[in-house]
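What follows is each chain in one-letter form.
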Amino acid sequence: MSESETPQSQAAGAVVNFPAPARSTTVTFDRRELSELLNLYGRMVAAGEWRDYAIDFLKDKAQFSVFRRSSEMPLYRIVKDPALARRQGAYSVVAATGLILKRGSELSRVLKVLDNKLSVVS
């Protein structure tokens with residue numbers, strides 16, 4: 001920069017590149033998914049089966065865990081894993097033992113395995 005150039009004159013003609021906004025790497029449930037999950041949760045609470053829930057948004061997956069008592073291990077975990085979307089489906093219902101009860105690409109179909117348990121209880 002010469003003496004005749006000021007920092008303002010150089011900055012005025014230059015293109016300033018701003019960093020791209022950081023993309024959220026956390027996987028979350030959208031409004032429709034949360035609505036389906038909480039509707040099922042409400043029905044199971046009314047039936048006296050579930051009493052508590054937890055939502056975890058992790059880097060690679062989101063989990064909705066349901067409990068009979070808050071001090072216990074979760075009875076079921078509804079997991080959204082976008083990495084499995086093309087192969088096995090992004091959604092799965094996992095029992096407390098780790099057994100995958102149902103897996104698929106549509107949340108409503110995957111949750112039917114728990115709805116069936118509600119109709120057996122009723």
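Residues numbered from 1 in each chain as written. Predicted model: local features only at pLDDT ≥ 70, side-chain atom pairs only at ≥ 80, totals over all residues. Heavy atoms only, no water.

Undergrad: Pulling in residues and values, what's your account of the sheet that holds strand S1 (residues 52-57)?
TA: The 5 strands are arranged S1-S2-S3-S4-S5 in an open sheet whose pairing can be described as antiparallel. Each edge of the sheet is formed by a strand with only one pairing partner; in this case those strands are S1 and strand S5 (100-104). Taken pair by pair, the neighbouring strands of this sheet meet at an average axis angle of 15°, ignoring direction. Relative to S5, strand S4 (residues 91-95) runs antiparallel, the two being bridged by 4 bridges. If you follow tyrosine 91 over to S5, its bridge partner there is glycine 104. (Pairing = 2+ DSSP bridges. Helix = DSSP H or I, 4+ residues; strand = E, 2+ residues; numbered from the N terminus. Axes fitted to C-alpha atoms, helices over the stretch in contact; angles between N-to-C directions.)

Undergrad: Summarise the nonpolar core; cite the residues concerned and give the values.
TA: Residues Trp50, Tyr76, Ile78 and Leu114 are the most contacted members of the largest nonpolar core, which totals 22 residues. At the level of elements, helix H2 (31-46), strand S2 (62-67), strand S3 (76-80), S4 and helix H3 (107-121) are the ones that each hand at least two residues to this core. In this view, leucine 114 contacts Leu40, Met44, Trp50, Tyr76, Ile78 and Val93; residues no more than four positions away in its chain are not counted. (Core = buried A, V, L, I, M, F, W, Y, C linked by side-chain atoms within 4.5 Å. Buried < 20%, exposed > 50% of the residue type's maximum accessible area, 1.4 Å probe, protein only. Contact = heavy atoms within 4.5 Å.)

Undergrad: Which residues make up the pattern of salt bridges, and what values go with them?
TA: A full pass over the atoms with the stated rule returns 5 salt bridges. Of the charged contacts, one joins arginine 32 and glutamate 33 as a salt bridge, the two residues approaching to 4.0 Å between their closest N and O atoms. Note on arginine 32: relative accessible area 46%, which makes it partly exposed. A relative accessible area of 2% places glutamate 33 in the buried class. Measuring nitrogen to oxygen at the nearest pair gives 3.1 Å for the salt bridge that ties lysine 80 to glutamate 33. Here the residue lysine 80 occupies a position in strand S3, and glutamate 33 occupies one in helix H2, the gap between them amounting to 47 residues. Sharing partners across several salt bridges, the network here consists of Arg32, Glu33, Glu36 and Lys80. (Salt bridge = Lys/Arg side-chain N within 4 Å of Asp/Glu carboxyl O.)

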